[in-house]
Amino acid sequence: MLNKPDDDSESVDTITRIVAVSNRLPIKLERVKEEWRIRAGGGGLVTAMAPVLRNRGGIWIGWSGTTEEVDWRDLLGDTSSEIGYDLHTVTLTRQELEGFYEGFSNDVIWPMFHDLQTRCKFAPDYWYHYLNVNGKFSDAVEKHSVESDFIWVHDYHLIHLAQMLRMRNVKRRTGFFLHIPFPSVDIFLKMPWRAQILQAMTEYDLIGFQTLHDRRNFIQCLQFFIPNVSISGRGAVVTAQMGDRSFRIGSFPISIDYETFARDAATPEVLSHISWLQRSMFSQNIALGVDRLDYTKGLPERLHAFGNALERYPELRKKLTLIQVVVPSRISMVEYQALKAEVEQLVGEINGKFTRDGWIPIHYLFRNLDRNELLAYYRAARIGLVTPLKDGMNLVSKEYCTCNIEEEGVLILSEFAGSASQFHKYALLVNPHDIEGTADAIYEAYKMPLEEKKYRMHQLREIVKRNDIYKWVDDYLQAALSKQLNDFPSLDEYVPQIDVDFRIKVDKGK
Ligand code: GDG
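Residues numbered from 1 in each chain as written. Predicted model: local features only at pLDDT ≥ 70, side-chain atom pairs only at ≥ 80, totals over all residues. Heavy atoms only, no water.

Trainee: What is the right way to look at the packing of helix H9 (residues 258–265) against helix H17 (residues 450–466) in this model?
Mentor: Axes are the key here: two packed helices are described by the angle between their axes and the distance separating the axes. Where H9 meets H17, the closest approach of the two axes is 9 Å, and the angle between their N-to-C directions is 130 degrees. Of the possible angle classes, the one that applies to H9 and H17 is oblique. Residues Tyr258, Glu259 and Ala262 of H9 form the contact with H17, whose own contacting residues are Arg461, Val464 and Lys465. Split into classes, the residues belonging to the contact of H9 with H17 amount to 3 nonpolar, no polar and 3 charged. (Axes fitted to C-alpha atoms, helices over the stretch in contact; angles between N-to-C directions. Helix = DSSP H or I, 4+ residues; strand = E, 2+ residues; numbered from the N terminus. Parallel < 35°, antiparallel > 145°, perpendicular 65-115°, else oblique. Contact = heavy atoms within 4.5 Å. Nonpolar A, V, L, I, M, F, W, Y, C, P; charged D, E, K, R; others polar.)

Here you go:
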């Protein structure tokens, strides 16, 4: 059972509604000439949260994705009624966005928590913007939620939310989930605002991490900074006691909707895409990388490893083609532009060196794929190359295995991806910094007997199937509230999720 909270906030038994809070709302906004278009967003978090929120009176609070001043009320009202839960926006100015999002979130916490502290820009201004915007989010939570709600805050942009609520005496039960890794104490010590960040995390009733490793790092930091903390319990969720306050700390590896991915990968549309792919490729053997443009994903290291494999194992030439999909991300930031240039230069060098007789070693795509295209690549690829320098979990590794329905693919996985804690026995684990070691793994995967490939891939797919996104939600809610997904009452009849496409005229007066 859950420890009784030390304040008099709502008992867990009476909580019937979830309020999800994340930096971005689960919608995609597009301005097309004089119109705003809103589409329901995709992605793991939306898939995971939608069943908890939809038709259960749930709420999602987040930034709309634009700094333009738009009156969202009508439009979001319509969208809410279609998707089955309410959306509320937090508006941000350009300056706030730069300081809070691009600055503190993405230039301090993101590199620091991925062990890349030399990339951090510790600008004092960022910190004040971060606190200020967390304050804005807590205003929105106070305004739109009631005491019997459970406030589920997602990710590193909003670490201070529970603390701000408590400071304003807004009584809510709160949970936090960190989607990215948590660093070791030696790295965390470098953070100028380390004590404040740590203290703010302890203000939640439940803090969730992706892996036991992240949870251990966090607990070690707590014990370093807060001498009177004691930890009790065993298993995935333990209890921390600090004076008369207690809270829980757990590990909850996030996942994907296995059934939907596996089903969609088997459709005729995906199959026809695969035949097109195989006709247009010189070689039948595809190695695949799918990553957001980010320096944590190990893109240059992977390209070096592929080039090294072609160099040292000539039999791979004309036989193995790498398709590298890079999804544009944070492209306004200088370091991301530099990374793009580096990746493109490397692709050019490797292709320039090894291209022969119509075979091009690396097919490089810098864009978003549509879903069927992505699933076709996953299903067709004989090698999945997932080699981040550090990753909270990495959903691509899970999607690749799930969609590889012929079970003839091999997953090459970085030991620094969170998913390695679940996949270590059946993937080929590599240190992404070890160029020759990764090149050897590519060759090993290429040469692996079919029987062994099938055995390994089957085991990997079983792991994802048993630990899907619904189990993740259930485990988190169980730890937070001793409830499961089905315990949240449905207010209405089930309404299937609709891919909404709303339009709103741009008000030129604003
Ligand atoms: C953060 C953490 C953690 C990619 N390309 C396309 C596309 N995608 C989708 C994939 C996948 C998602 O993007 C990427 O998720 P990851 O988990 O791999 O990475 P991050 O974006 O860094 O996510 C990470 C995650 O949060 C969840 O907690 O696992 O560690 O860093 O779902 O499918 N989707 C489409 N076209 C593409 O071209 N449609």
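Trainee: Mind showing me how you'd approach the site of the ligand here?
Mentor: Not every one of the 19 residues close to the ligand is listed here, only the nearest: His179, Leu369, Asp391, Leu395 and Glu399. In this structure, Lys297 approaches the ligand through a side-chain N or O atom, which is 3.0 Å from an oxygen atom. The separation between an oxygen atom of the ligand and a polar main-chain atom of Gly392 is 3.0 Å. In isolation the ligand offers 730 Å² of accessible surface; the protein chains occlude 80% of this area. When contributions to the shell around the ligand are tallied by element, the ones reaching two or more residues are strand E12 (285–292), helix H13 (371–380) and helix H14 (395–403). With 3 residues, the single largest contributor to the shell around the ligand is H14. (Near = heavy atom within 4 Å. Polar contact = N/O pair within 3.5 Å; in protein donor to acceptor, adjacent residues only side chain to side chain. Areas by Shrake-Rupley, 256 points an atom, 1.4 Å probe, with all protein chains shown as cover.)

Trainee: Explain the pairing of strand E10 (residues 237–242) to me, please; I cannot follow it from the model alone.
Mentor: Remember that side chains alternate between the two faces of the sheet whenever the strand is regular. The buried fraction of E10 is high, at 5 of 6 residues. Here strand E9 (residues 229–232) folds back onto E10, and the loop between the two strands holds 4 residues, one of which, Gly233, carries a positive phi near 105 degrees. When E10 meets strand E11 (residues 245–251), the two strands line up antiparallel, connected through 6 bridges. Of the residues in E11, the one forming a bridge with Ala240 is Phe247. The turn linking E10 back onto E11 is made up of 2 residues, and Gly243 within it adopts a positive phi angle of 60 degrees. (Buried < 20%, exposed > 50% of the residue type's maximum accessible area, 1.4 Å probe, protein only. Pairing = 2+ DSSP bridges.)

Trainee: What's the story with helix H4 (residues 124–144) in this structure? I'm lost.
Mentor: Structural remark: α-helix, 3.6 residues per turn; residues separated by three or four positions point the same way. For H4, spanning 21 residues, the distance from its first C-alpha to its last is 31 Å, which sits close to the expected 30 Å at 1.5 Å a residue. Here H4 has its buried residues at Tyr126, Trp127, His129, Tyr130, Val133, Asn134, Gly135, Phe137, Ser138, Ala140 and Val141. (Expected span 1.5 Å × (residues − 1).)

Trainee: Help me understand the sheet that holds strand E17 (residues 428–430) in this model?
Mentor: Think of a sheet as strands paired side by side through backbone hydrogen bonds, with each pair either parallel or antiparallel. Within the open sheet, the 6 strands sit side by side as E14-E13-E12-E15-E16-E17. Their pairing is parallel. One side of each edge strand has no neighbouring strand; the edge strands of this open sheet are strand E14 (362–366) and E17. The mean angle between the axes of side-by-side strands here comes to 20 degrees, regardless of whether they run parallel or antiparallel. Of the pairings in the sheet, the one linking strand E15 (residues 383–386) to strand E16 (residues 410–414) comprises 4 bridges and is parallel in character. Within E16, the residue paired with Ile383 across the bridge is Val410. Contacting E12, strand E13 (320–327), E14 and E15, helix H11 (residues 299–312) crosses the sheet at an angle of about 170 degrees to E13.

Trainee: Got a minute to help me understand the packing of aromatic side chains in this structure?
Mentor: By convention here, two paired aromatic rings are described through the distance between centres and the angle between planes. Taken as a whole and assessed by the stated rule, the structure comprises 28 aromatic pairs. Members of the aromatic cluster, connected to one another through ring pairs, are Phe100, Phe104, Phe122, Trp127, Tyr130, Phe137 and Trp193. The ring of Tyr295 has Arg119 sitting right over it, with the charged end atom 4.0 Å from the ring centre. Between Arg330 and the ring centre of Trp110, over which it is positioned, the NZ or CZ distance is 4.3 Å. (Phe/Tyr/Trp six-rings, centres within 6.5 Å; stacked < 30°, edge-to-face > 60°. Lys NZ or Arg CZ within 6 Å of the ring centre and 35° of its normal.)

Trainee: How should I be thinking about the sheet that holds strand E6 (residues 149–154) in this particular structure?
Mentor: Ordered in space as E5-E4-E1-E6-E7-E8-E11-E10-E9, the 9 strands form an open sheet in which the pairing is mixed. In this open sheet, the two edge strands, each paired with only one partner strand, are strand E5 (86–90) and E9. Each strand of the sheet is rotated relative to its neighbour by a mean of 20 degrees, with strand direction disregarded. Here strand E1 (residues 17–24) runs beside strand E4 (residues 59–63); their pairing, made up of 4 bridges, is parallel. Looking at the pairing, Val19 lines up with Ile59 of E4.

Trainee: Help me out: how do you make sense of the nonpolar core in this one?
Mentor: One recurring pattern in soluble globular proteins: nonpolar side chains tend to sit buried together. Within the largest apolar cluster, 95 residues are counted, with the highest numbers of intra-cluster contacts made by Val21 and Phe182. With 8 residues, helix H3 (residues 94–113) is the single largest residue contributor to this core. Those residues in contact with Phe182 that sit more than four places away from it in its chain are Phe113, Phe188, Leu198, Met201, Phe209, Asp214, Asn217, Phe218 and Cys221. Of all hydrophobic cores here, the second largest spans 40 residues; its members include Phe261, Leu369, Leu413 and Ile463. (Core = buried A, V, L, I, M, F, W, Y, C linked by side-chain atoms within 4.5 Å.)

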